[in-house]
Amino acid sequence: MKDSIKKEAIFNHSIDKVWNAISNGEEIAKWFINNNFKAEKGYEYTFTASEERGCLTITGEVKEANPYTLIYTWIVQDTNTETTVKWKLEELENGTKLHLEHSGISNYEGETAVNMFNSFSGGWAECIENLTKHLAL
């Protein structure tokens, strides 16, 4: 069982624009999920999915929020399993490269780990698609 999901994307936008989209709560709500997120180390956040996505709640704590690196824990409602999400941005000559890693998925027990891995993998692919569309606005 793989323990982490890794996604990469290249955007034709400045690193600051991409950083704002992934670290500012108001921006995150536009392309990803409702939240009270703040990119501040130690901040405890809540993400709440819309009704059509089952009103699922995700909680966690920001572990690192340095320019262009954002790391937070991720605990899905009704589980006690903590995983970690890491966003890292790299400035390119004509844009920004995003590295996304969601790790610790093997912390779930048995088949739940496999199901969560598949769910998260598809979910993060959709998120990057939505982020791409959001940045193009």
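Preceding this section is the structure that the text describes.
For clarity, every value in this text was computed on a predicted model and none was experimentally measured.

Undergrad: Please set out the pattern of salt bridges residue by residue, giving values where relevant.
TA: Under the defined criterion, the tally for this structure stands at three salt bridges. Of the charged contacts, one joins K63 and E61 as a salt bridge, the two residues approaching to 3.7 Å between their closest N and O atoms.

Undergrad: Please set out unusual backbone geometry residue by residue, giving values where relevant.
TA: Even without being glycine, Y68 reaches a positive phi, approximately 80°. Mapped onto the elements, Y68 comes out in the loop between strand 4 (57–66) and strand 5 (69–76). Even without being glycine, D78 reaches a positive phi, approximately 70°. Examined against the element boundaries, D78 turns out to sit in the loop between strand 5 and strand 6 (82–92).

Undergrad: Outline the sheet that holds strand 7 (residues 95–103), supporting the account with residue identities and numerical values.
TA: One open sheet holds the seven strands; their spatial order is 1-7-6-5-4-3-2, and the pairing between them is antiparallel. Among the strands making up the open sheet, the edge pair consists of strand 1 (5–11) and strand 2 (34–35). As paired elements, strand 1 and strand 7 share seven bridges and run antiparallel to each other. From the neighbouring strand, I5 faces strand 7, where its bridge partner is H102. Here helix 1 (residues 15–23) sits on the sheet and contacts strand 1, strand 4, strand 5, strand 6 and strand 7; the angle it forms with strand 6, its principal contact strand, is near 165°. This element, helix 3 (residues 110–136), spans strand 1, strand 5, strand 6 and strand 7 of the sheet and lies at about 10° to strand 1.

The rules behind the values
- Residues numbered from 1 in each chain as written.
- Predicted model: local features only at pLDDT ≥ 70, side-chain atom pairs only at ≥ 80, totals over all residues.
- Heavy atoms only, no water.
- Salt bridge = Lys/Arg side-chain N within 4 Å of Asp/Glu carboxyl O.
- Helix = DSSP H or I, 4+ residues; strand = E, 2+ residues; numbered from the N terminus.
- Pairing = 2+ DSSP bridges.
- Contact = heavy atoms within 4.5 Å.
- Axes fitted to C-alpha atoms, helices over the stretch in contact; angles between N-to-C directions.

Coordinates in, geometry out; function isn't part of it.
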